[in-house]
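Observations on the three-dimensional arrangement
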Amino acid sequence: MTMGVQPFPVAPAPLSVEQAEAMSQRRIKKHHVAIILLHWFNAIVWLCELSTGAALIASPYFRVAPYWYINMLRNIFGTRANMLQFHIVVGITWIVVFLVYGIFGFRTYLAKQIFEKEIALDRDDINWLIIRALRILNKSDEPLPPQSSYNAGQKLFALLVYAMIPIIMITGLIMAFHLFSTAVVGWAVVLHFAAVGLVVSGLIIHVYMGAVFPEEKAAFFSMLTGMVSELYAYRHHFKWWKEVKMQEQAWIQKLQGVSTPTGVAPPISSSATPPSDVEKTEERHGPPWTFKRIFRAPEYWPPYAAGVGLGLTLLATFVLMGQGLGASGGFTSYLVAFIAWVAPNYATHHPYWSNYIQPGQSPLITFLVFELIGVVIGGFVSGWLAGRLRIAVDKGPRISRRTRYALALGGGILTGYGARLARGCTSGLALSGGAVLSVGAWVFMLAVFAAGFGGAWFMRRYWL
Amino acid sequence: MSAPYFSAFSLTTYLAVAVLLGFFFGFFLERAGFSSAHKLTAQFYFKDFAVLKVMFSAIVVAMLGIAYLSLVGWLDMSQVFVPPTYIWPQLVGGLLLGAGFIIGGY
């Protein structure tokens, strides 16, 4: 390099044992959660599609899998048509998820991530490829040029994959729905097969490097935790390490309000520095998947995380029970049980309460009654884990406890009456009915929000 | 065998599964912060849209799951309870519940 003073070395210098030890302790964030999720989603899709795709090709010209494998998969799915349907459904899911990522996450995850980090080959990358090849052939012992967050080999694979993915998607759609003429469909079959073949040739190396190759173990774990050790970054992705360090330095300078002249080499690793970007990252983000961080943290979960959990619970309820989750119906059963206990004759002849009574069975033997017991336990366990358990009156700052009690009672009567009138509350009708697209559920939901937003102005004194 | 499975359960299993599903229901509601009346009503003052986000992401997840499972023939939709529609009672009931929501804080 021609510049007089270098703030950082151009290539990784040998480290002392202590430095290496300290650097292996510190962790840097490498992958965003969205990228990790996309990676594993992609991996599962490829596994499903390759295993069924190989069995779908029965034509003697293209057949890749042995007959016993084709027969085995056919038996698993029952018929070839079922297997084809599975292949198509998974493929369409894949396309939809990629489109959602591409459209909504374009700026945040894709533009920077892909175009700047994953596929842009620079001069160092080209040299890396040449030297790597020469080294494999034992023709050179030159050190490999420093690499950014993805090395040249990874970038080549990414280029191939990003070029082939649109081809696979489009030809897949053409084949699945027989778009255009027969000739086009015929070409689509060949292209689909060729594009997948190219990706698979790279995929073999990718999986081998990630899952088997010992030196790349850190890369594999970074796809689970999002973090790599600073030592790994320094040794394998030096240019990226430098970038992180320079950002950190700029951050420290901003924090201290000092504009130190450039050209001062920073310590590679020192525990005496003020909170650096690396440590800040670690405090805020990593290691992200520990039990403690997820369940014992006092903050609530991000709404979408809790929403997905709730949605999966609701889905499981439909699959297991054939109905959704609920609340108010369970309370009604408790009330009916009480009435039937106090005045059995009245309850069994009442036009409304008798709906909740089966002859010869307690009104308490229902799904919702037992589900509500679970709700209490689940809510308690969640609050207990997070340390949120306390006895408190949750009210606006300007009102007395007595006012709050009165409002709670009045609001509760309205809520209860409204829920029974509509045959469900926000859980049983809006949430569960909404998920199965019941028209009444959506009418109800919109009415709840309309009244809530409309009435809020009148109640602002009590809550704000 | 295709879902839903409730008809294949013994009574004990049925009720145990109910408690288990309720456990997760309560757990995720508490995780989302729905145990606080203040947080619930905050959305109506445009301060905290957690309720809307949680509710709609849950609906979307369950809806897509149901759509896919019935598409691939695993979930028999004819056996799934879809709340019947009674427009006027549900409209009025929703308005009453919404009013009660903002007064009582649910």
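Residues numbered from 1 in each chain as written. Chains lettered and ligands numbered in written order. Predicted model: local features only at pLDDT ≥ 70, side-chain atom pairs only at ≥ 80, totals over all residues. Heavy atoms only, no water.

**Observations regarding the nonpolar core**
Our working definition: Nonpolar core, defined: a set of buried Ala, Val, Leu, Ile, Met, Phe, Trp, Tyr and Cys residues in which side-chain atoms within 4.5 Å join the residues together. Buried, partly exposed and exposed residues are distinguished by accessible area as a fraction of the type maximum, computed with a 1.4 Å probe on protein chains only: under 20%, between the cut-offs, and over 50%, respectively. In what follows, residue pairs with any heavy atoms lying within 4.5 Å of each other are defined as contacts.
Core analysis: the largest hydrophobic core is formed by 55 residues, its most contacted members being A:Leu310 and A:Leu431. If we skip the residues at most four places from it in the chain, A:Leu310 touches A:Leu431, B:Phe25, B:Phe28, B:Leu29, B:Val54 and B:Ala58. Judged by nonpolar contacts, the second largest core, of 19 residues, contains A:Leu38, A:Phe157, A:Ile165 and A:Met169.

**Examining the side chain of A:Asn42**
What counts, and what does not: Elements are defined by DSSP. Helices are runs of H or I of four residues or more, strands are runs of E of two residues or more, and each kind is numbered from the N terminus.
Inspection of the secondary structure puts A:Asn42 in helix 2 (residues 33-56). In contact with A:Asn42, not counting residues within four places along its chain, are A:Trp94 and A:Phe98.

**So, the confidence of the model for chain B**
All names here are of chain B. Rule in force here: pLDDT is a residue-level measure of predictor confidence that goes from 0 to 100.
Residue-level pLDDT values for chain B average 90, and 99% of them are 70 or greater. Mean pLDDT across the secondary structure elements of chain B bottoms out at helix 2 (residues 37-42), with 88, and peaks at helix 1 (residues 11-32), with 94. Two numbers describe this predicted complex: its pTM, 0.56, and its ipTM, 0.96.

**Thoughts on the pattern of salt bridges**
Selection rule: Salt bridges are counted wherever a side-chain nitrogen of Lys or Arg sits within 4 Å of a carboxyl oxygen of Asp or Glu.
Scanning the model with the defined rule gives 2 salt bridges over all chains in all. With a closest N to O distance of 2.7 Å, B:Glu30 and A:Arg388 form a salt bridge. Here B:Glu30, found in helix 1, pairs with A:Arg388, found in the loop between helix 17 (367-386) and helix 18 (401-421), and the two come from separate chains. With relative accessibility at 7%, the residue B:Glu30 sits in the buried group. Between B:Asp48 and B:Lys39 there is a salt bridge, and its shortest N-O distance comes to 2.9 Å. The exposure class assigned to B:Asp48 is partly exposed, which follows from its relative accessible area of 22%. Residue B:Lys39 is classed as buried on the basis of its relative accessible area of 17%.

**What to know about a nonpolar patch on the surface**
All names here are of chain A. Operational definition: Only residues whose relative accessible area exceeds 30% and that form no salt bridge are eligible for patches; like-charged ones are grouped when within 9 Å, while nonpolar side chains (Val, Leu, Ile, Met, Phe, Trp, Tyr) are grouped when within 5 Å. What sets the accessible areas is the Shrake-Rupley method with a 1.4 Å probe; for residues, cover comes only from the shown protein chains.
Taken together, Leu121, Ile126, Ile130, Leu134, Leu156 and Leu159 make up a surface patch of nonpolar side chains, about 440 Å² in accessible area. Of all the secondary structure elements, the ones that give two or more residues to the nonpolar patch are helix 6 (123-136) and helix 7 (152-177). Here the nonpolar patch takes 3 residues from helix 6, the largest share from any one element. Assignment of secondary structure puts Leu121 in the loop between helix 5 (106-118) and helix 6.

**Thoughts on the side chain of A:Thr317**
With respect to the element layout, A:Thr317 can be found in helix 14 (residues 303-321). For A:Thr317, a relative accessible area of 0% puts it in the buried group.

**Things to note about helix 3 (residues 50-71) of chain B**
Let me state the cut-off plainly: An expected span of 1.5 Å times one less than the residue number is assigned to each helix.
Along its 22 residues, helix 3 of chain B runs 31 Å from first to last C-alpha, staying within 8% of the 32 Å computed at 1.5 Å per residue. When we look at burial in helix 3 of chain B, the residues that qualify are B:Ala50, B:Val51, B:Val54, B:Met55, B:Ser57, B:Ala58, B:Ile59, B:Ala62, B:Gly65, B:Ile66 and B:Leu69. The elements touched by buried residues of helix 3 of chain B are helix 14, helix 19 (426-435) and helix 20 (439-463) of chain A together with helix 1 and helix 2 of chain B. At the exit of helix 3 of chain B stands B:Gly73, carrying a positive phi of roughly 85°.

**Comments concerning the interface of chain A and chain B**
Buried accessible area, meaning the area lost when the parts come together, often serves as the stated size of an interface. For clarity, the cut-off: The term buried area means the drop in 1.4 Å probe accessible area that two parts suffer when joined, counted for both and summed. Under the rule applied, a polar contact is a pair of N or O atoms within 3.5 Å (in protein, one hydrogen donor and one hydrogen acceptor; residues adjacent in sequence only if both atoms are side-chain atoms).
Taken together, the 91 residues of chain A in the interface contact 83 residues of chain B. Summing both sides of the interface, chain A and chain B together bury roughly 7600 Å²; the carbon and sulfur share of this comes to 77%. Here chain A and chain B share 1 salt bridge between them. For the pair chain A and chain B, the number of links is 27 residue pairs in polar contact (both at pLDDT 80 or more). For the side of chain A that touches chain B, the secondary-structure elements that each account for two or more residues are helix 4 (80-104), helix 13 (291-296), helix 14, helix 17, helix 18, helix 19 and helix 20 of chain A. Take the side of chain A that touches chain B: its biggest share by element is 18 residues, from helix 14 of chain A.

**Considering helix 3 (residues 67-77) of chain A**
All names here are of chain A. In plain terms, the rule: Along the arc lie the directions from the helix axis toward the C-beta atoms.
Among the residues making up helix 3, those that are buried are Tyr69, Ile70 and Leu73. Buried positions in helix 3, seen along its axis, are confined to an arc of 100° and lie on one side of it. Across from the buried face of helix 3, at angles greater than 90 degrees, the exposed residues are Trp68 and Asn75. The elements touched by buried residues of helix 3 are helix 2 and helix 4. Once helix 3 finishes, Gly78 follows within two positions and takes phi at roughly 90°, a positive value.

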